[in-house]
Amino acid sequence: MNVIFGTVLISAVALLLFFNPDGALAAMLSGGEKALSLTLKMAVIYAVWLGIFSLAEKTGLTEKTAKVLSPFNKLLFGKLPPPAEKYVSLNLSANLLGMSGATTPMGIKAVEELDKFGGTAYATAMFFVINATSVQLIPSSVLALRTQVGATNPSDIILPTILATLVSSVVGILLVKIFVKGKA
């Protein structure tokens, strides 16, 4: 796949340099500048959320979140050990807030804990499906991106996002429950 993308990129740059060298160089410089600017802005947003989750962990809020989400986790995953349940709950909470990139460290720790527990294929598959479909009540990353590019009403995507992620999550959960062996 990398060969295909590399070939397309090299071909496109060669054609642009041959037919419009001034435009090609200006576009590459402008695109690089915009990409760097957006990356820095998104890094700040993720840093804030990761800081909030770190504070939540230090104040014991993560354990309370795990207790609140415990019935939901048992329904989806079956019996989980407390460390795995904590990280799964944090991951689900962050996804609900639309911070999909900020959930990665918690997702990795949740998978590590599921592996230590001898996590079943069912629990791991369910975790990955829920992360892939990620129900979002507040799609903060998308809202931030829409605000950065000057959208007139960045929040007009909230309802469609909730509906789309809810439908995809329900379908994904049902498919895992139907097709994955070793159910909870």
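Residues numbered from 1 in each chain as written. Predicted model: local features only at pLDDT ≥ 70, side-chain atom pairs only at ≥ 80, totals over all residues. Heavy atoms only, no water.

(A) Just the overall build of the protein, in detail. Of regular secondary structure, the protein possesses 8 helices and 0 strands. In the protein, the succession of α and β elements from N to C terminus is α-α-α-α-α-α-α-α. A compact globule built from 184 residues would reach a C-alpha radius of gyration of about 16 Å, whereas the protein, at 21 Å, exceeds it by more than 25%. On the principal axes, the C-alpha backbone points of the protein span a range of 60 × 35 × 30 Å. Looking at the protein as a whole, 33% of its 184 residues are labelled buried. In the protein, of all internal contacts separated by at least 6 residues, the share reaching a separation of at least 24 is 65%. On the protein, roughly 11200 Å² of surface is accessible, and the fraction owed to carbon and sulfur atoms is 74%. In the protein, 14 side chains carry a positive charge and 9 a negative one; their mean positions are 10 Å apart. (Helix = DSSP H or I, 4+ residues; strand = E, 2+ residues; numbered from the N terminus. Rg over C-alpha atoms; globule rule 2.2 N^0.38 Å. Buried < 20%, exposed > 50% of the residue type's maximum accessible area, 1.4 Å probe, protein only. Contact = heavy atoms within 4.5 Å. Areas by Shrake-Rupley, 256 points an atom, 1.4 Å probe, with all protein chains shown as cover. Lys, Arg positive; Asp, Glu negative; His and termini not counted. Charge placed at Lys NZ, Arg CZ, Asp CG, Glu CD.)

(B) Looking closely at the environment of M106. Tracing the backbone shows M106 in helix α5 (residues 104-116). The residues contacting M106, other than those within four sequence positions of it, are F53, Y87, L90, N91 and A94.

(C) Up close: the environment of A14. Considering the arrangement of structural elements, one finds A14 in helix α1 (residues 2-19). Among the residues examined, A14 registers a relative accessible area of 43% and is labelled partly exposed. On a C-alpha basis, the gap between A14 and A24 in space is 9.3 Å, while along the polypeptide they are 10 residues apart.

(D) Spotlight on the pattern of salt bridges. Going through the model one piece at a time under the given rule, you end up with 2 salt bridges. Notably, a salt bridge pairs R146 with D156, separated by 2.6 Å at the nearest N-O pair. In this pair, R146 sits in helix α7 (residues 140-148) while D156 sits in the loop between α7 and α8 (158-179), placing the two residues 10 residues apart along the sequence. Overall, the relative accessible area of 24% leaves R146 in the partly exposed class. A relative accessible area of 44% means that D156 is categorised as partly exposed. (Salt bridge = Lys/Arg side-chain N within 4 Å of Asp/Glu carboxyl O.)

(E) Summary view of the nonpolar core. Judged by nonpolar contacts, the single largest core of 22 residues is most densely connected at L76, F77, V88, L114, M126, F127 and I130. Secondary structure elements with two or more residues in this core: α3 (61-77), α4 (82-96), α5, α6 (121-133) and α8. Examining the composition of this core, we find that 6 residues originate from one element, α4, more than from any other. For F127, the residues in contact, after removing those within four places along its chain, are F77, V88, N91, G107, A110, V111 and L114. (Core = buried A, V, L, I, M, F, W, Y, C linked by side-chain atoms within 4.5 Å.)

(F) Representation of the packing of aromatic side chains. A complete count under the given rule lists 2 aromatic pairs for this structure. Taking 5.0 Å as the distance between ring centres and 80° as the angle between the ring planes, the aromatic pair formed by F18 and F19 counts as edge-to-face. Across the pair, exposure class does not vary: F18 and F19 are exposed alike. A centroid spacing of 6.1 Å and a plane angle of 65° characterise the contact between F127 and F128, whose relative ring orientation is edge-to-face. Owing to a relative accessible area of 2%, F127 belongs among the buried residues under this scheme. (Phe/Tyr/Trp six-rings, centres within 6.5 Å; stacked < 30°, edge-to-face > 60°.)

(G) Spotlight on α4. With 15 residues, α4 extends 21 Å from end C-alpha to end C-alpha; this agrees with the ideal 21 Å at 1.5 Å per step. Most of α4 is tucked away: 12 of the 15 residues are buried. The complete set of buried residues in α4 reads A84, E85, K86, Y87, V88, S89, L90, N91, L92, S93, A94 and N95. Contacts made by the buried residues of α4 are with α2 (21-59), α3, α5 and α6. (Expected span 1.5 Å × (residues − 1).)

(H) Geometry of the confidence of the model for the protein. Across the protein, the average pLDDT comes to 82, with 95% of residues at 70 or higher. Within the protein, α7 has the poorest average pLDDT of any element, 78, and α8 the best, 90. (pLDDT = per-residue confidence, 0-100.)

(I) Region of interest: α1. End to end, α1 covers 26 Å across 18 residues, agreeing with the expected 26 Å (1.5 Å per residue, within 8%). Burial analysis of α1 places just 0 of its 18 residues in the buried class, a small minority of the element.

(J) Representation of the environment of F128 within the structure. Relative to the helices and strands, F128 is located in helix α6. Separated by 50 residues in the primary sequence, F128 and G78 place their C-alpha atoms 15 Å from one another.

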